[in-house]
Amino acid sequence: MAVGRPNDFLRRSRVDSLPSDGRPEVLALRALKLGDLLVAVPALHALRRAYPGHRLIYAARAWLAPALALVGGVDTLLETQGLDEPLTLSPGRVDVAVNLHGSGPESLRRLDELAPARRIGHLGPGWEGPPWRSGLHERERWAALLRWHGIPADPLDYRLQPPTARNPLPGAAVIHVGAAYGSRLWPEDRFAAVARRLESAGQHVAFTGSEGERPRALRVAALAGLPDERVGAGMLGLGEFAAVIAGAAIVVSADTGAAHLASAYGRRSIVIFGPAPVSEWGPPPGPHIALTKEELRRGDVFSASPDPALLAVSVQDVLAAARELGSL
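Computed from a prediction, not measured in an experiment: that's the story for all the values here.

Definitions and limits used
Residues numbered from 1 in each chain as written. Predicted model: local features only at pLDDT ≥ 70, side-chain atom pairs only at ≥ 80, totals over all residues. Heavy atoms only, no water. 1 Å grid on protein atoms, 1.4 Å probe; cavity = no way out; pocket = protein on both sides within 12 Å on 5 of 7 lines; lining within 4 Å. Points joined across faces, edges and corners; volume = space filled by probe spheres on them. Helix = DSSP H or I, 4+ residues; strand = E, 2+ residues; numbered from the N terminus. Nonpolar A, V, L, I, M, F, W, Y, C, P; charged D, E, K, R; others polar. Axes fitted to C-alpha atoms, helices over the stretch in contact; angles between N-to-C directions. Parallel < 35°, antiparallel > 145°, perpendicular 65-115°, else oblique. Contact = heavy atoms within 4.5 Å. Core = buried A, V, L, I, M, F, W, Y, C linked by side-chain atoms within 4.5 Å. Buried < 20%, exposed > 50% of the residue type's maximum accessible area, 1.4 Å probe, protein only. pLDDT = per-residue confidence, 0-100. Phe/Tyr/Trp six-rings, centres within 6.5 Å; stacked < 30°, edge-to-face > 60°. Lys NZ or Arg CZ within 6 Å of the ring centre and 35° of its normal.

1. Remarks on empty space enclosed by the protein
In step 1: Scanning the model with the defined rule gives two cavities of 30 Å³ or more in all.
In step 2: The calculated volume of the largest cavity comes to roughly 60 Å³.
In step 3: The wall of the largest cavity is formed by Leu 38, Val 39, Arg 139, Tyr 158, His 260, Ser 263, Ala 264 and Pro 284.
In step 4: Contributing elements (two or more residues each) for the lining of the largest cavity: helix 1 (34–39) and helix 9 (257–264).
In step 5: Element by element, the count of residues in the lining of the largest cavity is highest for helix 9, at three residues.
In step 6: Across the lining of the largest cavity, the residue classes break down as five nonpolar, two polar and one charged.
In step 7: Taken together, Asp 255, Ala 259, His 260, Ser 263, Val 271, Phe 273, Trp 281, Gly 282 and Pro 283 make up the full set of residues lining the second largest cavity.
In step 8: The element that contributes the greatest number of residues to the lining of the second largest cavity is helix 9, accounting for three residues.
In step 9: Along the lines of polarity and charge, the residues of the lining of the second largest cavity split into five nonpolar, three polar and one charged.

And the structure:
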């Protein structure tokens, strides 16, 4: 989706250009994408409860600011493109540094440079904490990390606050055609076939995606026999996109931020999985169905070609899930 101008929630920071408001500060590092933010929501809620008198700062990419504003309790965003450059706060300023990014040397070094009074993270050089465990669901991973450090956290505390942006597509059956990597791209003709069937059943289908995914969304709409006016891809700011998902009749997507938003707002969703395992990234309990053929999973997230586990999901599989959810 297109990202509009940063609002007051976003603070573009140089060293100490993020003004102090007088409170001690907790900084949580997770310089990743939308889905990564949304699976960390239980941990952020737990940090807010554990440090009610602190300023809670989230270090991540600037374009996430509208979504971060929906988490509740996070005070500001520190713009962080990745781990190649130091965080733009001076050493000694941060009281508590929380590594929600990973457990590797890069993220540990970026937080060590802040010289925090307390470090919360997994076990690593100079860091106390639980050892990294493969196979955990991401919501549980970060909740378990905080519990190890004495902070109660519930992995099912993932809901977002209601969107404040206007919903330009209320009640739409949302087909989110894009994904960050080719490994997660379900074929265009299959999305189109699902869209045609939903439309014939009385749903008002709309297509979403990023600005770069707009051509793909336009092709899917054309294959479905639907007008370009149904394509919101590239036309929605992140706040509007969240509002569209929060008001959707159903969401059909690969394992992307759209699917995590559908979970956060309890909307009916069908999530087509490829390289990532459902056990680690799948939706929580609710009106959500994850589809994959796990035994075929190649698991190369960064591949340019769709994962076999995703390609094994058929149009009929998706339509059967839509019937199960009451959307057909």
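2. What to know about the packing of helix 2 (residues 41–50) against helix 5 (residues 138–148)
The axes of two packed helices give the description: the angle between them and the distance between them.
In step 1: Look at helix 2 against helix 5: their axes get within 8 Å of each other, and the N-to-C directions meet at 25°. Regarding the angle of helix 2 to helix 5, the classification is roughly parallel. Counted together, Pro 42, Ala 43, Ala 46 and Leu 47 of helix 2 and Arg 139, Trp 142 and Leu 146 of helix 5 form the full contact between these two elements.
In step 2: Each residue belonging to the contact of helix 2 with helix 5 can be placed in one class, and the counts come to six nonpolar, no polar and one charged.

3. Notes on the nonpolar core
It is characteristic of soluble globular proteins that their nonpolar side chains tend to be buried jointly.
In step 1: By size, the foremost hydrophobic cluster in this structure holds 52 residues, and its most contacted members are Leu 44, Leu 47, Val 98, Leu 100, Leu 146, Leu 160 and Leu 261.
In step 2: Each residue touching Leu 146, except ones within four places of it in the same chain, is listed here: Ala 43, Ala 46, Leu 47, Val 98, Ile 120, Ile 151 and Ala 153.
In step 3: With 33 residues, the next largest nonpolar core counts Val 205, Ala 217, Ala 224 and Ala 233 among its residues.

4. Here we look at the environment of Ala 69
In step 1: Within the secondary structure layout, Ala 69 lies in the loop between helix 3 (65–68) and strand 4 (76–79).
In step 2: With a relative accessible area of 33%, Ala 69 lands in the partly exposed category.
In step 3: Taking the C-alpha atoms as reference, Ala 69 lies 15 Å from Arg 30; in sequence the two are 39 residues apart.

5. A word on the confidence of the model for the protein chain
Detailed conclusions should not be drawn from predicted coordinates in areas where pLDDT is low.
In step 1: Confidence in the prediction of the protein chain, expressed as mean pLDDT, is 94, and 95% of residues score 70 or more.
In step 2: Low pLDDT (under 50) marks residues 1–14, which in the prediction has 37 contacts with non-local residues, meaning those over four places away or in another chain.

6. Overview of the packing of aromatic side chains
In step 1: The final tally for this structure, using the stated rule, is three aromatic pairs.
In step 2: Ring centres of Trp 132 and Trp 142 lie 5.9 Å apart, and the angle between their planes is 65°; on these two criteria the pair is classed as edge-to-face. Highlighted residues: Trp 132 in the loop between strand 6 (118–120) and helix 5 and Trp 142 in helix 5, separated in sequence by 10 residues.
In step 3: With a relative accessible area of 1%, Trp 142 lands in the buried category.
In step 4: The positively charged end of Arg 139 is found above the aromatic ring belonging to Tyr 158, 5.8 Å away from the centroid.

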